[in-house]
Amino acid sequence: FEGDLPMTLKNLPLKYVYLGATSLNGDLSTFIGDGSQFAELQELWLDGNDITGPIPTQLGGITTLKSLSLTSNELDGQIPSELAALTNMAQMFFYRN
């Protein structure tokens, strides 16, 4: 894969998304939207891409998330306090942004 984050993934009841080192780009907030499309998502790994923007606060509403990795992208800003609501979270990675 390469290019924009695939918005068609929002239409699938995915539990695991691994799209590392695929040259994806775009704004992560646009991809996540309000988060409701990812109600079953447990793992989101988007490492080593060219994803931009802040880490979306809406990730905090995806309460099924257990693992999140956004390393080696072009993200900016702070880690949102909303992520503290993810009580099932086992690991988060944000380095090299």
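See the structure printed just above.
A brief look at the structure comes next. (Residues numbered from 1 in each chain as written. Predicted model: local features only at pLDDT ≥ 70, side-chain atom pairs only at ≥ 80, totals over all residues. Heavy atoms only, no water.)

1. Brief notes about the sheet that holds strand S2 (residues 16-18)
Here's step 1: Ordered in space as S2-S4-S6-S8, the four strands form an open sheet in which the pairing is parallel. The open sheet has two edge strands with one neighbour each: S2 and strand S8 (91-93). Ignoring which end each strand starts from, the neighbouring axes of this sheet average 10° apart.
Here's step 2: By the bridge criterion, three bridges tie S2 to strand S4 (residues 43-45) in an arrangement that is parallel. Following the sheet pairing, valine 17 is matched in S4 by leucine 44. (Pairing = 2+ DSSP bridges. Helix = DSSP H or I, 4+ residues; strand = E, 2+ residues; numbered from the N terminus. Axes fitted to C-alpha atoms, helices over the stretch in contact; angles between N-to-C directions.)

2. Regarding the sheet that holds strand S3 (residues 24-27)
Here's step 1: The sheet built from four strands is open, its strands ordered S1-S3-S5-S7 with parallel pairing. Since the sheet does not close on itself, it has two edges, and those belong to strand S1 (3-4) and strand S7 (74-76), each with one partner.

3. Section: the environment of asparagine 11
Here's step 1: Here asparagine 11 shows up in the loop between S1 and S2.
Here's step 2: Taking the C-alpha atoms as reference points, asparagine 11 and threonine 71, 60 residues apart in sequence, are found 25 Å from one another.

4. Concerning the nonpolar core
Here's step 1: Among the nonpolar cores identified, the biggest contains 24 residues, and Leu28, Ile32, Leu44, Leu59, Leu65 and Leu70 are the most heavily contacted of them.
Here's step 2: With three residues, helix H1 (residues 28-32) is the single largest residue contributor to this core.
Here's step 3: Setting aside anything within four residues of it in sequence, one finds isoleucine 32 in contact with Lys10, Gln37, Phe38, Leu44, Pro56, Gln58, Leu59 and Ile62. (Core = buried A, V, L, I, M, F, W, Y, C linked by side-chain atoms within 4.5 Å. Buried < 20%, exposed > 50% of the residue type's maximum accessible area, 1.4 Å probe, protein only. Contact = heavy atoms within 4.5 Å.)

5. Some thoughts on the packing of aromatic side chains
Here's step 1: Considering all chains together, one arrives at three aromatic pairs under this definition.
Here's step 2: An angle of 55° between the planes, with centres 6.3 Å apart, marks the rings of tyrosine 18 and tryptophan 45 as tilted. Here the residue tyrosine 18 occupies a position in strand S2, and tryptophan 45 occupies one in strand S4, the gap between them amounting to 27 residues.
Here's step 3: With relative accessibility at 47%, the residue tyrosine 18 sits in the partly exposed group.
Here's step 4: A centroid spacing of 5.5 Å and a plane angle of 45° characterise the contact between phenylalanine 31 and phenylalanine 38, whose relative ring orientation is tilted.
Here's step 5: Through pairs of rings, three or more aromatic residues link up here, namely Tyr18, Trp45 and Phe93. (Phe/Tyr/Trp six-rings, centres within 6.5 Å; stacked < 30°, edge-to-face > 60°.)

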